[in-house]
Amino acid sequence: MKNLIKINDSFFVAGHNGMVGSAIVRCLFKKGYCDPQKGGELFTIERKNLDLSNFDKVLSWFKKHRPNVVILAAAKVGGIVSNEKYPFNYLSENLRIQQNVIESAWITGTKRLLFLGSSCIYPKNSTQPIREEDLLSNSLEKTNEAYAIAKISGIKLCEALRKQHKFDAISVMPTNLYGPGDNYHSTESHVFASFLRRFIDAKRLNKKNVTCWGSGNPFREFLHVDDLASACLFLLENWDPNNFDAPRKLNGDKLSFLNVGTGKDISIKSLAELIAKHCNFHGQINWDQSKPDGTMRKRLDISRIQSLGWHPSIELSEGTKIMVNEINIELDKQNFKSKNLKNFFL
């Protein structure tokens, strides 16, 4: 299979400090990319130095640096309550970031671009497992509708540039993620990080009860962020949607985005119990059913990316164990005291 990117390409990872972006940077270095001795280069930039929501500044940066490959992992993300409370923020900020980076990459001659979407783009009541062609087939889950619409717009922008201007933009739709660099904010984190924080906190502070949001009944699929990073690089190297043997929709149409996940899901209640077990928490788990559940089930069909040769490698139980151990080791290094826990998770 022909490698569609080169070892001496220059890469721009937008959002390199985030969970996904930092995992992609690690993966690039691991595979030998971005090595100046091989002619490669990695461009990253801090938010304080470049506002991705400002088109003129973004275009100016692209004209100066002209990266060969762009990976758009920058986004405003948050948990279910935050999404429901601040829909304008999630819609507006993400639309602007996507438009500015993708359009600037096209204008300045980037040869490949990968856009990170989200599995929340799919309708609330999609048939399980969810295929790529289910996009726009029904209504979205209301609690994260604004974020989903922004991500759908990013996918469609990439598709439109590919169709009209032959711009080589591809997109991936990852399932729920966890791993190093996650956001542990008390109200704006996703479910996995939220549970890690609650159960590590409970174990270290000898709490007898932990309260989790919702009913615990929905099912979710969880992918380690390092597996997502490996999938992104694999697709950049190997997937050309125009190839005759590239994955297609059931009706034979070309696909410009692919699902990335594990193909397995778990109930939120079982996830809480799994994390509690690895944290050695043996107290009571309570469920606050005044908080929303969101979509009841969301498992991705990953047969298309598997047909290209990529498969996930990190099982959920093993990934959970690794995360709990890493956080506890770091807390111990910091001579953990109860007052330090809140600051550690900021």
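Residues numbered from 1 in each chain as written. Predicted model: local features only at pLDDT ≥ 70, side-chain atom pairs only at ≥ 80, totals over all residues. Heavy atoms only, no water.

Asker: Explain the nonpolar core to me, please; I cannot follow it from the model alone.
Answerer: When a protein is soluble and globular, its nonpolar side chains tend to lie buried together. Counting 75 residues, the largest nonpolar core has Ile 24, Leu 28, Ile 71, Leu 113, Leu 116 and Leu 235 as its most contacted members. With nine residues, the single largest contributor to this core is helix α7 (residues 225-238). Filtering out sequence-adjacent residues up to four positions away, Leu 235 remains in contact with Arg 112, Ile 170, Val 172, Leu 258, Ile 305 and Leu 308. By size, the runner-up hydrophobic cluster in this structure holds 27 residues, among which are Tyr 184, Ala 276, Cys 279 and Met 323. (Core = buried A, V, L, I, M, F, W, Y, C linked by side-chain atoms within 4.5 Å. Buried < 20%, exposed > 50% of the residue type's maximum accessible area, 1.4 Å probe, protein only. Helix = DSSP H or I, 4+ residues; strand = E, 2+ residues; numbered from the N terminus. Contact = heavy atoms within 4.5 Å.)

Asker: Just to check I follow, could you spell out unusual backbone geometry for this structure?
Answerer: Backbone geometry follows two general trends: most residues other than glycine have a negative phi, and most peptide bonds adopt the trans configuration. The linkage connecting Gln 128 with the following residue, Pro 129, adopts the cis geometry, with an omega of -10 degrees. Mapped onto the fold, Pro 129 is located in the loop between β4 (112-116) and α5 (145-165). Positioned with a positive phi, Cys 34 is a non-glycine residue whose angle comes to about 65 degrees. Within the secondary structure, Cys 34 is located in the loop between α1 (19-30) and β2 (41-43). Overall, Cys 34 belongs to the buried group, its relative accessible area being 5%.

Asker: Please explain the pattern of salt bridges as it appears in this structure.
Answerer: When charged atoms on two side chains of opposite charge get close, those side chains can pair. Counted under the stated rule, the structure contains 17 salt bridges. Linking Asp 168 and Arg 112 is a salt bridge whose minimum nitrogen-to-oxygen distance equals 2.7 Å. A residue pair is termed long-range when its members are at least 10 positions apart, and Asp 168 in the loop between α5 and β5 (169-174) and Arg 112 in strand β4 qualify at 56 residues. Asp 201 is the partner of Lys 207 in a salt bridge, and the nearest nitrogen-oxygen pair spans 2.5 Å. The class for Asp 201 is buried, based on a relative accessible area of 17%. Connected via shared salt-bridge partners are Arg 112, Arg 162 and Asp 168. (Salt bridge = Lys/Arg side-chain N within 4 Å of Asp/Glu carboxyl O.)

Asker: For this particular structure, what's the right way to read α1?
Answerer: An α-helical turn contains 3.6 residues, so a residue and the one three or four places further along point in the same direction. If you check α1, its first and last C-alpha atoms are 17 Å apart, about what twelve residues at 1.5 Å a residue would give, namely 16 Å. Of all twelve residues making up α1, nine are buried, and the element is well covered by its neighbours. Those residues of α1 that sit buried are Met 19, Val 20, Gly 21, Ser 22, Ala 23, Ile 24, Val 25, Cys 27 and Leu 28. Those residues of α1 that are buried lie in contact with β1 (10-14), β2, β3 (69-72), β4, β6 (176-178) and α7. (Expected span 1.5 Å × (residues − 1).)

Asker: Would you explain the sheet that holds strand β11 (residues 266-267) in this entry?
Answerer: Spatially, the three strands line up as an open sheet ordered β11-β8-β13, and their pairing is mixed. The strands lining the two open edges of the sheet, one partner per strand, are β11 and β13 (297-298). Pairing geometry for strand β8 (residues 219-220) and β11, over two bridges, is antiparallel. Each residue of the ladder has a partner; that of Arg 220, found in β11, is Ile 266. (Pairing = 2+ DSSP bridges.)

Asker: What is the right way to read the packing of aromatic side chains from this model?
Answerer: The relation between two aromatic rings is expressed through the spacing of the ring centres and the mutual angle of the planes. Applying the stated criterion across every chain yields a total of eleven aromatic pairs. Within the aromatic cluster, the residues linked to one another by ring pairs are Phe 12, Phe 43, Trp 61 and Phe 62. Its end group placed over the ring of Tyr 90, Lys 76 keeps NZ or CZ at 4.9 Å from the ring centre. Taking NZ or CZ as reference, Arg 297 lies 4.3 Å from the ring centre of Phe 219, over its face. (Phe/Tyr/Trp six-rings, centres within 6.5 Å; stacked < 30°, edge-to-face > 60°. Lys NZ or Arg CZ within 6 Å of the ring centre and 35° of its normal.)

Asker: Please explain the sheet that holds β3 as it appears in this structure.
Answerer: One open sheet holds the six strands; their spatial order is β2-β1-β3-β4-β5-β10, and the pairing between them is parallel. The open sheet is flanked by β2 and β10 (257-260), the only strands paired with a single partner. Put simply, the sheet's adjacent strands are angled 20 degrees from each other on average, direction ignored. One ladder, built from four bridges, connects β4 with β5; its direction is parallel. Paired with Leu 113 across the bridge in β5 is Ala 169. Here helix α4 (residues 87-107) sits on the sheet in contact with β3 and β4, set at roughly 170 degrees to β3. (Axes fitted to C-alpha atoms, helices over the stretch in contact; angles between N-to-C directions.)

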